[in-house]
Amino acid sequence: MTITTLPDARWLHAVAASAFLAASLPQAALNAQGLESPETVNRIVGSEVSQEEAKTTAEAGKVSSAIDRTRENIGTVRKTSKLDKVDIVFLTDAARSEGGPPPVIERKVKEHRDDIAELRKEIEANALLFNAIESRRVHAQDVLAVEFDNPGKIVIYAAAKPSK
């Protein structure tokens, strides 16, 4: 009984070429999808992702209330796997480049520091939410709070400016 094998060098080259091809395909697919397209982002996230800009002073009540509910929202973020709409609110005057959140919001952030850190980790671990904020170039460390408006909708408050 004779078993035919490739000589060692050819076998090694074949394996290396296969590994390179397998590793490059996912990146090629991502590049081909054009993540700048809202339709592509919505398909990847599986939800409509919208954004708006606001001043922290105009949204202070909503943001403060959402920060106060961070502990209960952590569990909801952890369980979230499908949403109809993700709304990202850029609190432009609270961005690091603007000196951070105003004192009233900064006090709330400090008061709930550990819960907000845990919320950010949960957002990073949640593929839907991570891809939603990433599509708008928001870093998890810029998220101040989330609010579940109604079933199927989340509002993410971020101390950031939208990328141009």
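Note that the structure is a prediction, hence the values are computed from the model and not measured. (Residues numbered from 1 in each chain as written. Predicted model: local features only at pLDDT ≥ 70, side-chain atom pairs only at ≥ 80, totals over all residues. Heavy atoms only, no water.)

**Let's talk about the packing of helix H3 (residues 56–68) against helix H5 (residues 103–111)**
Selection criterion: For every element, the axis is a line fit to its C-alpha atoms; helices are fit only across the contacting stretch, and the angle between N-to-C directions ranges from 0 to 180 degrees. Secondary structure elements follow DSSP: runs of H or I no shorter than four residues count as helices, runs of E no shorter than two count as strands, and numbering proceeds from the N terminus. Each angle gets one of four labels, with under 35 degrees taken as roughly parallel, over 145 as roughly antiparallel, 65 to 115 as roughly perpendicular, and the rest as oblique. Crossings are classed by handedness, with left-handed meaning an anticlockwise turn of the near helix from the far one by less than a right angle and right-handed meaning a clockwise turn. By the convention used here, residues are in contact when the closest approach between their heavy atoms is within 4.5 Å. Side-chain classes follow a simple rule in which Ala, Val, Leu, Ile, Met, Phe, Trp, Tyr, Cys and Pro form the nonpolar group, Asp, Glu, Lys and Arg form the charged group, and the remainder, Gly included, forms the polar group.
Packing of H3 against H5 leaves a shortest axis separation of 10 Å and a crossing angle of 15 degrees. Between H3 and H5, the angle is such that the two are roughly parallel. Of the two elements, H3 crosses H5, and the hand of that crossing is left-handed. On the side of H3, the interface is formed by Thr56, Ala60, Val63, Ser64, Ile67 and Asp68, while H5 contributes Ile105, Lys108 and Val109. Considering only residue class, the contact of H3 with H5 consists of five nonpolar, two polar and two charged.

**Considerations on unusual backbone geometry**
Put simply, the rule is: For each residue, the accessible area found with a 1.4 Å probe, counting protein chains only, is set against the maximum for its type, and the residue is called buried under 20%, exposed over 50%, and partly exposed in between.
Although it is not a glycine, arginine 137 sits at a positive phi angle of roughly 60 degrees. As for its position among the elements, arginine 137 is in the loop between helix H7 (127–135) and strand E3 (143–150). For arginine 137, a relative accessible area of 46% puts it in the partly exposed group.

**As for the sheet that holds strand E1 (residues 48–54)**
Going by this rule: Pairing between two strands requires that DSSP report at least two bridges joining them.
Taken together, the four strands give an open sheet; going across it, the order is E1-E2-E4-E3, and neighbouring strands pair in mixed fashion. Each end of this open sheet is capped by a strand with a single partner; those strands are E1 and E3. Each strand of the sheet is rotated relative to its neighbour by a mean of 20 degrees, with strand direction disregarded. Relative to strand E2 (residues 85–91), E1 runs parallel, the two being bridged by seven bridges.

**Some remarks on the confidence of the model for the protein**
Keep this limit in mind: The predictor rates its confidence in each residue with pLDDT, a number between 0 and 100.
Per-chain confidence: the protein averages 82 in pLDDT, with 72% of residues scoring 70 or above. Model confidence for the protein, summarised as mean pLDDT per element, is weakest for helix H1 (residues 8–33) at 50 and strongest for helix H6 (residues 113–125) at 97. Of the regions scoring below 50 in pLDDT, residues 24–34 engages in three contacts with residues more than four places distant in sequence or in other chains.

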